[in-house]
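Here is how the chains run, residue by residue.
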Amino acid sequence: MKYMLIMRADDQGIANYEELDFTEVIAAMGAYNESLIKAGVLLAGEGLADAQEGFVVDFDSTPPVVTDGPYAEAKELFNGFWIIGVSSKEEAVEWAKRCPLGPGTRLEVRRVNELEDFPQDNEWIQKEAGWRADAEAAAAGE
């Protein structure tokens, strides 16, 4: 099973982060990432640039409206993620609890859907399976 650990922070979490020594933050995150790698569960993970560099596409109107960041209406910002491959929800919970985050931050943990979760007789699911197989073959140099 794959799970996505979504790092979110509210204003207090951001303020707390800004008071920390950046070298210590990098060391704590590096050690956490290393433990995920050594356990063989880390599939992907990235931190995100400041919200000022981002934008939101709002589909409430036609055409969609694009708004540049930061997002004053947001109560929490999505700051980064990990995708882990584990054997159970309980294992995902254990890895999430080890993340070195502090007050004002949260990890939202969501299972990543697999192709098998969708109707296998659907044309688009079958195409997706083919695209993924082609991408894996290309990555393997076939």
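As a reminder, the structure under discussion sits directly above these lines.
Quick caveat: nothing in here was measured; it's all calculated off a predicted structure.

1. Details of the environment of V86
Within the fold, V86 resides in the loop between β5 (77-85) and α3 (89-98). Excluding its chain neighbours within four sequence positions, the residues that come into contact with V86 are M1, Y3, V41, E91, A92 and W95.

2. Description of the pattern of salt bridges
Here the structure, examined in full by the defined rule, presents seven salt bridges. Between E34 and K38 there is a salt bridge whose closest N-O contact spans 3.7 Å. With E34 and K38 both in helix α2 (residues 22-38) and four residues apart, the pair spans about one turn of that helix. Between E123 and K127 there is a salt bridge, with the nearest N and O atoms lying 3.3 Å from each other. Of the two residues, E123 and K127 both sit in helix α4 (residues 123-139), four residues apart, roughly one turn of that helix. Residue classification places E123 among the partly exposed residues on the basis of a relative accessible area of 46%. Three or more residues are tied together by salt bridges with common partners; here these are R8, E108 and R110.

Each value, and the rule that gives it
- Residues numbered from 1 in each chain as written.
- Predicted model: local features only at pLDDT ≥ 70, side-chain atom pairs only at ≥ 80, totals over all residues.
- Heavy atoms only, no water.
- Helix = DSSP H or I, 4+ residues; strand = E, 2+ residues; numbered from the N terminus.
- Contact = heavy atoms within 4.5 Å.
- Salt bridge = Lys/Arg side-chain N within 4 Å of Asp/Glu carboxyl O.
- Buried < 20%, exposed > 50% of the residue type's maximum accessible area, 1.4 Å probe, protein only.

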